[in-house]
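A closer look at the structure
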Amino acid sequence: MPTKVETDSVTGTETTGHEWDGIKELNTPLPRWWLIVFWITVIWSVAYFILYPSWPGWDGVWNYTARKDVAARLEAVQAERAEWLDKLAVASLDEIEQEPDLLEFAIAGGRAAFADNCAPCHGTGGAGGPGYPNLLDDDWLWGGTVEAIGTTLRHGIRWAQDEETRISDMPRFGVDELLTADQIGDVAEYVLSLSHGATDRTAADRGQTIYAENCAVCHGPNGGGNAELGAPQLNDAIWLYGGGKENLVTTISRSRRGVMPAWGGRLDPVTIKQLAIYVHSLGGGE
Ligand code: HEC
Ligand code: HEC
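So, here is what we can say about the structure in this document. All figures in this text were calculated on a predicted structure; none of them were measured in a lab.

1. Regarding the site of ligand 1
Around ligand 1 there are 26 residues in total, and Cys118, Cys121, His122, Leu141 and Met260 lie nearest to it. Measuring from a nitrogen atom of ligand 1, one finds a side-chain N or O atom of histidine 122 at 2.8 Å. In the model, an oxygen atom of ligand 1 is placed 3.4 Å from a nitrogen or oxygen of the arginine 158 side chain. In terms of residue count, the dominant contributor to the shell around ligand 1 is helix 6 (residues 146-155) (three residues). Counted by class, the shell around ligand 1 contains 19 nonpolar, five polar and two charged residues.

2. Quick look at the nonpolar core
Leu88, Phe114, Leu153, Leu275 and Val279 are the most contacted members of the largest nonpolar core, which has 31 residues in total. Those elements that place two or more of their residues in this core are helix 2 (66-90), helix 4 (100-117), helix 6 and helix 11 (269-281). Per-element tally for this core: the top contributor is helix 11, with seven residues. If you look at the next biggest cluster of nonpolar residues, it comprises 16 residues, including Ile184, Ala188, Tyr190 and Val191.

3. Notes on the site of ligand 2
If you check the shell around ligand 2, you find 26 residues, and the closest are Met170, Cys215, Cys218, His219 and Tyr241. Here an oxygen atom of ligand 2 sits 3.1 Å away from a polar atom, N or O, in the main chain of arginine 257. Glycine 258 is positioned such that a nitrogen or oxygen atom in its backbone is 2.7 Å from an oxygen atom of ligand 2. Counting residues per element, the shell around ligand 2 draws most heavily on helix 10 (residues 245-254), at three residues. Class assignment for the residues of the shell around ligand 2 results in 16 nonpolar, six polar and four charged.

4. Considering the pairing of strand 2 (residues 23-26)
Looking along a regular strand, one sees side chains alternate from face to face of the sheet. Bridging between strand 1 (residues 15-20) and strand 2 involves three bridges; their strand directions are antiparallel. Across the sheet, residue tryptophan 20 finds its bridge partner in strand 2, namely isoleucine 23.

5. Description of the packing of helix 7 (residues 181-194) against helix 8 (residues 201-214)
The geometry of helix 7 relative to helix 8 is characterised by a closest axis approach of 7 Å and an angle of 100 degrees between their N-to-C directions. Taken together, the axes of helix 7 and helix 8 lie roughly perpendicular to each other. Note on element contacts: helix 8 touches helix 7 through Arg201, Ala203, Ala204, Arg206, Gly207, Gln208, Ile210 and Tyr211, opposite Gln183, Asp186, Val187, Glu189, Tyr190, Val191 and Ser193.

6. A short note on the coordination of the iron atom of ligand 1
Within the protein, the iron atom of ligand 1 binds to His122 (NE2) and Met260 (SD); these donor distances fall in the range 2.0 to 2.1 Å. Each of the six donor atoms around the iron atom of ligand 1 contributes to a set of angles spanning 86 to 179 degrees, which defines the coordination as octahedral. Placement of the pair is histidine 122 in helix 5 (residues 119-122) and methionine 260 in the loop between helix 10 and helix 11, with a sequence separation of 138 residues. Comparing histidine 122 with methionine 260 shows no difference in burial state: the two are buried.

7. Some thoughts on helix 4
An α-helical segment advances 3.6 residues per turn. Residues three or four places apart therefore align on the same side. Here helix 4 spans 25 Å end to end across 18 residues, near enough to the 26 Å set by a 1.5 Å rise per residue. Three or more residues of helix 4 are buried, namely Leu102, Phe105, Ala106, Ile107, Gly109, Gly110, Ala113 and Phe114. Buried-residue contacts for helix 4 involve helix 2, helix 3 (93-98), helix 5 and helix 11.

8. Quick look at the coordination of the iron atom of ligand 2
Octahedral six-donor coordination of a metal ideally yields angles of 90 or 180 degrees, compared with 109.5 degrees for tetrahedral four-donor coordination. Taken together, the protein donors to the iron atom of ligand 2 comprise Met170 (SD) and His219 (NE2), at separations of 2.0 to 2.1 Å. Coordination at the iron atom of ligand 2 comes from six donor atoms whose angles at the metal span 87 to 178 degrees, giving a geometry best classed as octahedral. With methionine 170 in the loop between helix 6 and helix 7 and histidine 219 in helix 9 (residues 216-219), this pair connects stretches of sequence that are 49 residues apart. Residue methionine 170 is classed as partly exposed on the basis of its relative accessible area of 25%. Assessed through its relative accessible area of 10%, histidine 219 is described here as buried.

What counts as what
- Residues numbered from 1 in each chain as written.
- Chains lettered and ligands numbered in written order.
- Predicted model: local features only at pLDDT ≥ 70, side-chain atom pairs only at ≥ 80, totals over all residues.
- Heavy atoms only, no water.
- Near = heavy atom within 4 Å.
- Polar contact = N/O pair within 3.5 Å; in protein donor to acceptor, adjacent residues only side chain to side chain.
- Helix = DSSP H or I, 4+ residues; strand = E, 2+ residues; numbered from the N terminus.
- Nonpolar A, V, L, I, M, F, W, Y, C, P; charged D, E, K, R; others polar.
- Core = buried A, V, L, I, M, F, W, Y, C linked by side-chain atoms within 4.5 Å.
- Buried < 20%, exposed > 50% of the residue type's maximum accessible area, 1.4 Å probe, protein only.
- Pairing = 2+ DSSP bridges.
- Axes fitted to C-alpha atoms, helices over the stretch in contact; angles between N-to-C directions.
- Parallel < 35°, antiparallel > 145°, perpendicular 65-115°, else oblique.
- Contact = heavy atoms within 4.5 Å.
- Donors = N, O, S within 2.8 Å, 3.2 Å for Na, K, Ca; no water.
- Tetrahedral: all angles 85-135°; square planar, octahedral: opposite > 155°, others 65-115°.
- Expected span 1.5 Å × (residues − 1).

Quick look at the structure:
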């Protein structure tokens, strides 16, 4: 039996017939503007559903997706990259230097690979830290030409797993009792005197003979270093392990023997080439 429609006396609106504790629900119609917008969105969604990809496996009537666009653009970039990488793989270092675009491409790739692989030890900008050489200066342990840097990268330094790794071990003068503690103190003073940092002249004078007999073979008679042996220059004020007397005594007593992994097996040859060119470009390349 249909209920009689009741009209609210205050608003003149029909009620729904629902009543709670004497409070009756009004049946207020939806505003017209709201209904119109609602139907427009319904129609819009149906159109969208048909025109655009909305169903797995079907790309819609227009057959357009932004994903295809991105994929196509990525492919174009990769094709261009591949072309550059191929060029880089065969170009000699001279040719690369001659061609600014290629050089820029190599440096950009090297910078990215450096951030991924080298920054944890050498710092994001290559400035290094105690035990990790600064790659920005022109002070090289193993040589600063692109070729030398490339060799260092491919084979690592004191990296046992690589047969051609760069290797040379400074003797442990203290630990192996090759020199007494006094002699080590003296030779440390002498080393400091090479960069005008000595405080005890007479000790430095005593250290000179010890240096000539024990150290000059690797570090050179005047502390000029030797890149063949990875022996650092000692007559500059640039220190890998810190330049205070205490640091020097520790270095001479125990020898440091820093290790750098070989990258030959981990990175492809073109990436290593890019890295060598990048490191060389950092400012201190020879
Ligand atoms: C695990 C730490 C570590 C990582 C990672 C590392 N290095 Fe090294 N690197 C060293 C150490 C330590 C030395 C110094 C070794 C020595 O005492 O002779 C060194 C030395 C070098 C040298 C020789 C510097 C000179 O003066 O001759 C170059 C060049 C170099 N690293 C570049 C790189 C590049 C490029 C990468 C990334 C592919 C890299 N390193 C990653 C630790 C690291
Ligand atoms: C067999 C070659 C060899 C001999 C001999 C040798 N050294 Fe070294 N020395 C090295 C190498 C290689 C390094 C770099 C070690 C490293 O990278 O971990 C080094 C590093 C050092 C350093 C650290 C430099 C820095 O920048 O922190 C000092 C100081 C030093 N040697 C002093 C001496 C003194 C003094 C003697 C003689 C008593 C001596 N060395 C004998 C090869 C040698």
